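Notes for the structure review
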Protein chains: 2
Amino acid sequence: MQRISDSTVHRLSKYFRTLIYMQGKGIKTVSSKNLAHHNGVTAAQVRKDLSCFGAFGRRGLGYNVVDLRSNIGKIMGLDRAWKVALCGVGNIGRALLDYDQFRSQGFQITVAFDKDPAKIGKTIHGVSVRNEIDLERDVKAEKVDIAVVAVPARAAQSIVDRLVVGGVKAILNFAPINIKVPPGVYIRHENMAIEIETLSFALTNPDLVQSE
Amino acid sequence: MQRISDSTVHRLSKYFRTLIYMQGKGIKTVSSKNLAHHNGVTAAQVRKDLSCFGAFGRRGLGYNVVDLRSNIGKIMGLDRAWKVALCGVGNIGRALLDYDQFRSQGFQITVAFDKDPAKIGKTIHGVSVRNEIDLERDVKAEKVDIAVVAVPARAAQSIVDRLVVGGVKAILNFAPINIKVPPGVYIRHENMAIEIETLSFALTNPDLVQSE
DNA sequence: AATTGTGAACCTCTTCACAGCT
DNA sequence: AGCTGTGAAGAGGTTCACAATT
């Protein structure tokens, strides 16, 4: 069985959002060319990406918007609700508690942890903040699927280790540091500093990068 | 002159952060192997990345931490201050106004815009929020280098168009939608939904992805 | 002995191009 | 005629392996 590349998964996520938009607009059918145009890729790329999982289109006609959305949703596991825990209720953590794109796609932040006594016990955006001391116990009890780590860099590895002890298999890390996890645990990094520094690089070396 | 890949630039950004950390710890010298280990890549990859820009190490000895940090800083344009404008002072915008990783690396958010009358005129984290109506005029007057777009998806393309009119050449977009920019303008996307959906995919298809 | 810098080999992802279906 | 699905070709990024240096 073939492995699927990160790039393909990222694009599927984008196609999925485009299809939701199109469904909302009442568009019934879409071609690979059109879907590609909405996402800044080539039509061949769209077809290749989809062909990893089956044949969802009809030659000569294109893809049915509702069906393709439903199929990509199933492929990506977006046809169910995921239990999400948030670790670290700082600036970024608070923003994520109220982030539409998580909520609307089935990612429900049901638990939040912090070690600041001033925050523990408070309810923010409908989620009550718990004491980080109980992290392992609580993520196990709540059967958390995915943890979002938004603690300072120096604390991130230890929080992740404890999440793993609590049985969490998927982690989204916002701390600007590499984290080690055992086999079978998935970790993804979201580092906003990297992207803005990439812009700094582009402005500094316009001859070394291609703009759109 | 060779083009530099996004992956290389992203890794340089990571090496840079590692070197800052090492410098803080008083570490004088680092090998490609060590730098690689801190960032989850191979030693050959580190050397190849650096070799795009010159020969910074000494055979048999490794790299001087302070010198390499300084060199990467120059390459990435992190040895200067960038003027950053924020568009959209919602949950994410507010979090970014107080984001350490921006501030400490020379990205100074000096202007913020919103169209909500309740926000205009207020000062948040030391930045006063201006009326979005004056966007083009103000980014031009303030000589903004980089704009961060944190407005809803439906407003993002139009805000970007106006930023371009105002002369902004680099944009960091948080709206979950593809944005078109003219040649010579750099845009990077930060989409947290994509990464969490990638985790959803991994949990749903453990056989199709490799964990660490 | 340790470690860099780098051409060559390797591998992976993207694009091409066309047969096949509507 | 229009559009998908896909093997083959092409492009690009990563790893190997070793000469060069300390």
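An account of the accompanying structure is given in this report. (Residues numbered from 1 in each chain as written. Chains lettered and ligands numbered in written order. Predicted model: local features only at pLDDT ≥ 70, side-chain atom pairs only at ≥ 80, totals over all residues. Heavy atoms only, no water.)

1. Description of the overall build of chain A
- A tally of helices and strands in chain A yields 9 helices and 9 strands.
- Once the C-alpha set of chain A is aligned to its principal axes, its extents read approximately 60 × 45 × 35 Å.
- Per-residue burial for chain A yields a buried fraction of 49% across its 212 residues.
- Taking the contacts inside chain A whose residues are at least 6 apart along the sequence as the reference set, 55% of them involve residues at least 24 apart.
- Charge centroids of chain A, computed over 29 positive and 20 negative side chains, lie 7 Å from each other. (Helix = DSSP H or I, 4+ residues; strand = E, 2+ residues; numbered from the N terminus. Buried < 20%, exposed > 50% of the residue type's maximum accessible area, 1.4 Å probe, protein only. Contact = heavy atoms within 4.5 Å. Lys, Arg positive; Asp, Glu negative; His and termini not counted. Charge placed at Lys NZ, Arg CZ, Asp CG, Glu CD.)

2. Things to note about the sheet that holds strand β5 (residues 123–124) of chain B
- An order of β5-β6-β4-β3-β7-β8-β9 (chain B) is seen for the 7 strands of this open sheet, with the pairing classed as mixed. Looking at strand neighbours, the two that pair on one side only are β5 and β9 (186–189) of chain B, the edges of this open sheet.
- One ladder, built from 4 bridges, connects strand β3 (residues 82–87) of chain B with strand β7 (residues 146–149) of chain B; its direction is parallel. The residue bridging Ala-85 of chain B from the neighbouring strand is Ala-147 of chain B, located in β7 of chain B.
- Strands β3, β4 (107–114), β7, β8 (170–173) and β9 of chain B of the sheet are contacted by helix α9 (residues 192–204) of chain A, whose axis makes an angle of about 170° with β9 of chain B.
- With respect to the sheet, helix α8 (residues 153–165) of chain B is in contact with β3, β7 and β8 of chain B, its orientation differing from that of β7 of chain B by roughly 170°. (Pairing = 2+ DSSP bridges. Axes fitted to C-alpha atoms, helices over the stretch in contact; angles between N-to-C directions.)

3. With respect to the side chain of Asn-191 of chain A
- Turning to its location among the elements, Asn-191 of chain A is positioned in the loop between β9 (186–189) and α9.
- On the accessibility criterion, Asn-191 of chain A (12% relative accessible area) is buried.
- There is a polar contact of 3.1 Å between the side chain of Asn-191 of chain A and the backbone nitrogen of Ala-193 of chain A.
- Not counting residues within four places of it along the chain, the set of residues in contact with Asn-191 of chain A comprises Pro-176 of chain A together with Arg-17, Tyr-99 and Glu-190 of chain B. (Polar contact = N/O pair within 3.5 Å; in protein donor to acceptor, adjacent residues only side chain to side chain.)

4. Things to note about the interface of chain A and chain B
- Contacts between the two partners involve 74 residues from chain A, matched on the other side by 74 residues from chain B.
- Across the interface of chain A and chain B, roughly 6700 Å² is buried in total on both sides, 65% from carbon and sulfur atoms.
- Ranking the residues of chain A by area buried against chain B places Tyr-186, Ile-196 and Glu-197 of chain A at the top, with a combined share of 11%.
- Where chain A packs against chain B, one counts 4 salt bridges.
- When the shortest N-O distance is used, the salt bridge between Arg-17 of chain A and Glu-197 of chain B registers 3.2 Å.
- Applying the counting rule to chain A against chain B returns 26 residue pairs in polar contact (both at pLDDT 80 or more).
- Here the side of chain A that touches chain B is built from residues that sort into 38 nonpolar, 22 polar and 14 charged. (Buried area = accessible area lost by both parts, 1.4 Å probe. Salt bridge = Lys/Arg side-chain N within 4 Å of Asp/Glu carboxyl O. Nonpolar A, V, L, I, M, F, W, Y, C, P; charged D, E, K, R; others polar.)

5. Let's talk about the protein's contact with DNA strand D
- Within the structure, DNA strand D sits among 25 residues, and Ser-32, Arg-47, Arg-59, Gly-60 and Tyr-63 of chain A are positioned closest to it.
- Each atom of DNA strand D within 4 Å of the protein belongs either to a base or to sugar and phosphate, the latter forming 56%.
- Between DNA strand D and Gln-45 of chain B there is a distance of 3.3 Å, counted from a sugar or linking oxygen to a side-chain nitrogen or oxygen.
- Within the backbone of Arg-59 of chain B, one N or O atom sits 2.9 Å away from a sugar or linking oxygen of DNA strand D.
- Mapped by element, the contributors of at least two residues to the surface near DNA strand D are α3 (43–51) of chain A together with α1 (6–24) and α3 (43–51) of chain B.
- In terms of residue count, the dominant contributor to the surface near DNA strand D is α3 of chain B (4 residues).
- Among the residues forming the surface near DNA strand D, the class breakdown is 6 nonpolar, 11 polar and 8 charged. (Near = heavy atom within 4 Å.)

6. Some points on the relation of the copies chain A and chain B
- The two copies are related by a screw operation: chain A maps onto chain B through 180° of rotation and 0.0 Å of translation along the axis, at an RMSD of 0.0 Å. What the superposition gives is, in effect, a two-fold axis relating one chain to the other. The C-alpha atom lying nearest the rotation axis in chain A is that of Ala-95 of chain A; the distance is 3.2 Å.
- In this assembly, 100% of the residues forming the interface of chain A have copies in chain B that are likewise at the interface, indicating an isologous arrangement. (Least-squares fit on C-alpha atoms with pLDDT ≥ 70 in both.)

7. Some details on the pairing of strand β7 (residues 146–149) of chain A
Residues and elements named next belong to chain A.
- Burial along β7 is two-sided: the face carrying Ile-146 and Val-148 and the face carrying Ala-147 and Val-149 are both buried.
- One ladder, built from 4 bridges, connects β7 with strand β8 (residues 170–173); its direction is parallel. The residue bridging Val-148 from the neighbouring strand is Leu-172, located in β8.
- Once you follow β7 into helix α8 (residues 153–165) and on to β8, the crossover reads as right-handed. (Right-handed = clockwise from strand over helix to strand, strands pointing away.)

8. Observations regarding helix α2 (residues 32–39) of chain A
Residue and element names in this part refer to chain A.
- Within α2, burial applies to Ser-32, Leu-35, Ala-36 and Asn-39. Seen from one end, α2 has its buried residues packed into an arc of 100°, which puts them on one side. α2 presents Lys-33 and His-37 as exposed residues on the side facing more than 90 degrees away from its buried surface.
- Contacts from the buried residues of α2 go to α1 (6–24), β1 (29–30), α3, β2 (63–64) and α4 (65–76). (Arc of directions from axis to C-beta.)

9. Considering the sheet that holds strand β3 (residues 82–87) of chain A
- A sheet is described by the order of its strands in space; here 7 strands give the open sequence β5-β6-β4-β3-β7-β8-β9 (chain A), paired in mixed fashion. Sheet topology places β5 (123–124) and β9 of chain A at the edges, where each strand pairs with a single neighbour.
- Sitting on the sheet, helix α9 (residues 192–204) of chain B touches β3, β4 (107–114), β7, β8 and β9 of chain A, and the angle it makes with β9 of chain A is about 170°.

10. Looking at α1 of chain B
- Given a rise of 1.5 Å per residue, 19 residues ought to cover 27 Å, and the 27 Å separating the end C-alpha atoms of α1 of chain B matches this to within 8%.
- On the buried face of α1 of chain B, the contacting elements are α9 of chain A together with β1 (29–30), α2 (32–39), α3, α4 (65–76) and α6 (100–103) of chain B.
- Among the residues trailing α1 of chain B, Gly-26 of chain B stands out with phi positive, at a value near 80°. (Expected span 1.5 Å × (residues − 1).)

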